[in-house]
Amino acid sequence: MRNNFALLGLGVSALALCGHAGVAAQESAGQGLPAGQEAEAASAGNEIVVTGTRLRRSAADSPVPLQVLGAEGIEETGTGDLYEAVELLPGVSGGITPEGSVSSVQSSGLSTISLRRLGDNRTLTLIDGRRAVSNSGNSDRVSLSTIPSGFVERVEVTTGGASAIYGSDAVAGVVNIILKDDVDGLELNGRISTPEASGGEEYRIEGLWGTRFADDRGYLMLSASWRDENGIRADATRPESVAALEFNSPASPASDAWAGETCNNDDPDFHCLLPDASISTPGGVFEGDAWYKDGQWFNDKSLRPSDRPEGSDFLSDHDGYDFRTGRTLRPERKVLTLGLHSTFEVSDVTEFTVSALYSDVSSRYYTGYETLNDNDSYGLLDAFSLGNLPSDHPFIPPEVEETRSGSVSFDRRVVELGEQQRYNERRTYRLAAAFDGQMTDNAEWSLYATYGHFSQAQENPNELNFRRANWALDVEPDGNGGFQCASAEARADGCVPLNIFGEGSITQAAADYIRYNGYGEQTRDQITAGGYISGDFANVMGMELLWAAGAEFRHEEQDTFGDPDGDLVGGIDGDPATDDVLVTSLSSFPSIAADYQVFEFFGEADLEVIPDRLRLQVAGRYGDYTTVGGVFSYNVGGVFNVTDDFLVRGQYSRSQRAPNITEFFSPPRPDADDLTDPCEGLLPDGSGLSQPRSVGGEDVDLAVVRANCLSEPGIQAYFAHPDYEAGDPFDPGGSVQGPNAGNNTLKEETADTWTAGFVYQPNWSGRNLSLIVDYFKISIDDVISSVSTQNTVDLCYASDSFPDNKFCDVITRNPVSGEVSQVINRVENLVSEVVEGVDAQLNWRRIDLGVPGLFDIDLRYSHYFKDEQSFLDLVGNEITNDYLPYIGNPSDELLLKIGYRLDGFRLSYTMTYESGGVDDPVNFPEPGDLEYYAIGGQDFHRIYAAYDFGPGERFRVYGGVNNLFDTIGKIYPTGTLGGSSYNINHSLADSVGREFYLGLRARF
């Protein structure tokens, strides 16, 4: 009975969710997969599962590309993290990564997958063919860190549109994680790894136990996994990580020569790597010409350092603080996972399955120390500003007083608070149950239900409470020889005077008073229920017809409780009148309670037009969403066996992605953006403006911008202010609040996907050699995205319809200073995207070179022809940005594995490669253009060895080296479009460096 269900694809496999959407096929000698991948996919009885159908269809009959990474292949990647193993495959990249989410508040610590670079929200990640509850509060995404690699039987990746089979989100394709479900006895696996540089040590232990009961009618499997990974911090063991550099145009050749400035060029567009340190030092910088460093005071008067000309002030890049040292490059993580899987034959034709998976993932980042500056602002729409210290402030030391000309500006790093942190505790429950059975000899049925619950608690300690800092900086004598906070309200609040002059000047009591510990929590719930019947008609006008039809219900719900003092809409109760709104600079997520449902009906058919030669396949799905209404997806494809050795295949699909809860329902989420105000430089007579910065700005009628800017009451108030000096241009700041917000008028994205290719698997090789080539093109319209802050403001002021248009509606200006204080970035259906390319796979196993043992080769390659986004510029022209070759969007990706096996010994070498690019997708720079940062292609190498021994080869010892040549990679610094001050946290770098690992596995 058990094998029958496996053959029909109706059984529920593994630990997490019930029911493979794929269906078991016959012996893997068919032409659907490279030979080596067939071996990896093989399960009991030499059966393989085909992702993307509910029909009894072998891999040989799949019309879309399919990659398989089996348990052995995962182990040979040398990583204990499932995400890192899958991400090595060409065409697969990271969505949110542990390294790339360092500064993220809501999503830090996740590890998600993106297919074809279209984003993890357009990649549907399944567990055993079923949807899984999201591990994120701001999108629909499954974090692979919740699934131990030791639980995984294999991972199947299809890269054709699959919404007709699975519904929304399968625009770029499907990642189907298939878990083990047939362990007999006890299996233990332990692994340790350590990088050559500091940090990153990892310890992992896993156990699986399975047994049959009730006269073999029932099966039970239990599993547990514990993983402890130390964090990696930027330090001298990875010199690239602490390099205080930025990419920028240098100063004039003579200006700062005394500071070692040597990067100069006569070309005005020349950019290079320049020193980059922070003006906010642990001892403070005051008025820009007095500072405390290395235990002593300096100023531009009597205490001028000996290394600079007379009159030279503090130079941040020379005297400043390197804030990079000590920050987290890779988080510390602790992961506990527990699982249960059980099946029971209720009768000869019915089987019941129940599965459960629980994970607890904690991650912690250290992100440096908070800064306190005179231009810091807080409150709703930056209603309050710290401002300069008054000239009679009692804490001003003589060294600052000597150079002071009035009130005192300040820049201070508040190390006394302790390091800022991002700590997340994420717990996920996934439960499932299913009944599967046979109706007749030619028809089967399945009924299933799943429940998933995700919760996240987040702590963000050691931030600043700006309101309290403002109070604590306002100091007066207390009449008893000491000092007190000047405000009676502050004193009632327990205010402690704050002395920011010099290192260690802030007392513990003062630090405790101004410290802000942020907190937020959120939950996601998912319920699915459905069923289908499938079968075959052996003879329909002489042709075989496979079919399936069914229905499914899904409920998605989210409850988020944002930090009450960091929530733009007023905290947990949403009432700004009763909450202290934005007393901190901490970006938090907003409170939200929302849900939606979808009812779907689906069907598939597979018709054998020419026996053993030509099969045609169609599928369709209609979904009724409570958010966007009716959505219809479909696909049409086929497979033609030209000869026994050669087949061609192809498919066209129409896929959709409905907006997720955040995109549809979310209120504004705090964020800060850079902005060059199109009204900057304006004079009262209307002169002084420059063309807007956004694409197409050079064609904008400046007279329109001038009239719109002059009509702003806030800008007129600026010119009318008593302190305004004639001839001064309007000079707003360069940073604004840019909260992101949902939009309940969104509609679904729509994608058209074409795939076409061939499979060559010659008989002369004993089916051990295979060559597969597939072309793909994915075109998405009505892409759900948002207009940037800069584009929104430029579009508003370049418009003849000012101020009555949707761009102006989301802009708020300060009524006194005229500055833009807020721009809400609301998501809309805006642009189109196209990715186009080709995949190639060459696999040759069991190669006999005339020496003991056998060799194998696995080569996978992807090349992109297009990676484009199109949108309308300021004057309505369609602009296309080509992201090839943009850093992180390589034109070429390659994986090569060469293996050797002799009896119980296995040795493999793996090389991965990604081509480089230029840091600009808009201006189409020529190779070698000095204005744009560029990174060349990067390759990484790893070796793996294992030996199986003991009775029945029950024991295995294995180990290896990752990043064999200790290649960190070129830095991608701040001052670039896609880089950051984290330097080596990007796709062409490896922040871990050379890493050694050793493991032991035993079966009893």
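Residues numbered from 1 in each chain as written. Predicted model: local features only at pLDDT ≥ 70, side-chain atom pairs only at ≥ 80, totals over all residues. Heavy atoms only, no water.

Digging into the overall build of the protein chain
Helices and strands together make up the secondary structure of the protein chain, namely 14 helices and 52 strands. For the protein chain, buried positions account for 59% of its 1004 residues. Taking contacts inside the protein chain between residues at least 6 apart in sequence as the whole, the part at least 24 apart equals 72%. Counting every atom, the protein chain has about 37,600 Å² of accessible surface; 53% of that belongs to carbon and sulfur. (Helix = DSSP H or I, 4+ residues; strand = E, 2+ residues; numbered from the N terminus. Buried < 20%, exposed > 50% of the residue type's maximum accessible area, 1.4 Å probe, protein only. Contact = heavy atoms within 4.5 Å. Areas by Shrake-Rupley, 256 points an atom, 1.4 Å probe, with all protein chains shown as cover.)

Thoughts on the pairing of strand 51 (residues 955-962)
Across the eight residues of strand 51, six count as buried, placing the element largely inside the fold. With seven bridges connecting them, strand 50 (residues 938-949) and strand 51 associate as antiparallel partners. Within strand 51, the position partnered with A946 by the bridge is Y958. Hairpin connection, strand 50 to strand 51: the antiparallel pair is bridged by five residues, and G950 has positive phi, about 85°. (Pairing = 2+ DSSP bridges.)

Description of the state of the cysteines
Scanning the entire structure with this criterion turns up three disulfides. Between the sulfur atoms of C679 and its disulfide partner C709 the distance amounts to 1.9 Å. One quick way to see it: the torsion about the S-S bond of C679 and C709 is about -85°, and its sign makes the bridge left-handed. Separated by 30 residues along the polypeptide, C679 in the loop between strand 36 (672-674) and helix 12 (702-710) and C709 in helix 12 bring together distant segments of the chain. (Disulfide = S-S within 2.5 Å.)

Some remarks on the environment of S302
Looking at the secondary structure, you find S302 in the loop between strand 18 (296-299) and helix 6 (316-319). Under the relative-accessibility criterion, S302 is labelled exposed at 54%. Spatially, the C-alpha atom of S302 lies 8.4 Å from that of E402, the residues being 100 residues apart in sequence. At 2.8 Å, the side chain of S302 forms a polar contact with the side chain of E402. (Polar contact = N/O pair within 3.5 Å; in protein donor to acceptor, adjacent residues only side chain to side chain.)

Brief notes about the packing of aromatic side chains
Scanning the entire structure with this criterion turns up 31 aromatic pairs. Pairing Y596 with Y625 gives two aromatic rings, centres 6.2 Å apart and planes at 35°, and the pair type is tilted. Placement of Y596 in strand 32 (residues 592-610) and of Y625 in strand 33 (residues 614-625) is noted, with a sequence separation of 29 residues between them. As far as burial versus exposure is concerned, Y596 and Y625 are alike and both buried. Where Y944 meets Y958, the ring centres are 6.4 Å apart and the plane angle is 35°; that geometry is what we call tilted. In this pair, Y944 sits in strand 50 while Y958 sits in strand 51, placing the two residues 14 residues apart along the sequence. Of the two residues, Y944 and Y958, both sit in the buried class. Aromatic ring contacts, followed pair by pair, group F286, Y292, W297 and F501 into a single cluster. Its end group placed over the ring of Y366, R233 keeps NZ or CZ at 3.9 Å from the ring centre. One residue, R327, lies across the ring of Y982, its end atom 3.8 Å from the ring centre. (Phe/Tyr/Trp six-rings, centres within 6.5 Å; stacked < 30°, edge-to-face > 60°. Lys NZ or Arg CZ within 6 Å of the ring centre and 35° of its normal.)

Points about the environment of A672
Structurally, the position occupied by A672 is in strand 36. Classification of A672 by relative accessible area gives partly exposed; the value is 45%. A sequence separation of 150 residues divides A672 from Q822, and the C-alpha atoms of the two residues are 8.9 Å apart. The contact partners of A672, leaving out residues within four places of it in the chain, are S735, V736 and G738.

A closer look at a negative patch on the surface
The grouping of E680, D723, E725, D728, D731 and E819 at the surface amounts to a negative patch. Checked against the element boundaries, E725 lands in the loop between helix 13 (713-720) and strand 37 (735-737). (Patch = residues over 30% accessible without salt bridge, like charges linked within 9 Å, V, L, I, M, F, W, Y side chains within 5 Å. Salt bridge = Lys/Arg side-chain N within 4 Å of Asp/Glu carboxyl O. Lys, Arg positive; Asp, Glu negative; His and termini not counted. Charge placed at Lys NZ, Arg CZ, Asp CG, Glu CD.)

Thoughts on helix 14 (residues 789-797)
Counting buried residues along helix 14, eight of its nine residues qualify, which places the element largely inside the surrounding structure. The set of residues buried in helix 14 consists of T789, Q790, T792, V793, D794, L795, C796 and Y797. Elements that come into contact with the buried residues of helix 14 comprise strand 36, helix 12, strand 37, strand 41 (811-813), strand 42 (820-823) and strand 43 (825-847).

Comments concerning the side chain of R657
Of note, R657 is situated in strand 35 (residues 646-657). Judged by its relative accessible area of 1%, R657 is buried. Among the polar contacts made by the side chain of R657, one reaches the side chain of E663 at a distance of 3.1 Å. If we skip the residues at most four places from it in the chain, R657 touches N121, R122, S168, D169, V171, E663, E748, E749 and I784.

Examining helix 13
Along helix 13, the residues classified as buried are G714, I715 and F719. Along helix 13, the residues classed as buried sweep out an arc of 145° about the axis, all on the same side. Turned more than 90 degrees away from the buried face of helix 13 sit P713 and A720, all of them exposed. On its buried face, helix 13 sits against helix 12 and strand 41. (Arc of directions from axis to C-beta.)

Some words on the sheet that holds strand 6 (residues 123-127)
The five strands lie next to each other as 3-8-9-6-7, forming an open sheet whose pairing is mixed. Edge positions in the sheet fall to strand 3 (66-70) and strand 7 (130-131), since each has one partner strand and no second. In terms of strand pairing, strand 6 meets strand 7 through two bridges, oriented antiparallel. Within the sheet, the bridge partner assigned to I127 lies in strand 7 and is R130.

Quick word on the pattern of salt bridges
All chains considered together, the criterion is met by 58 salt bridges. When the shortest N-O distance is used, the salt bridge between E99 and R330 registers 3.4 Å. Of this pair, E99 sits in the loop between strand 4 (92-94) and strand 5 (113-115) while R330 is found in strand 19 (residues 328-330), placing the two residues 231 residues apart along the sequence. Given the relative accessible area of 18%, E99 is considered buried. Two residues, E229 and R333, come together in a salt bridge whose shortest N-O distance is 3.4 Å. Of this pair, E229 sits in strand 12 (residues 218-229) while R333 sits in strand 20 (residues 332-347); the two residues are 104 residues apart in sequence, bridging distant segments of the chain. Classification of E229 by relative accessible area gives buried; the value is 2%. Judged by its relative accessible area of 2%, R333 is buried. One salt-bridge network, held together by shared partners, links D81, E84, E99, E202, R227, E229, R330 and R333.

Topic: the sheet that holds strand 17 (residues 290-293)
Spatial ordering of the open sheet is given by 18-17-16-25-22, a layout of five strands whose pairing is antiparallel. Looking along the sheet, the strands with just one partner apiece sit at the ends: strand 18 and strand 22 (371-373). Alignment of strand 17 against strand 18, held across four bridges, turns out to be antiparallel. Counterpart to W291 in the pairing with strand 18 is F298.

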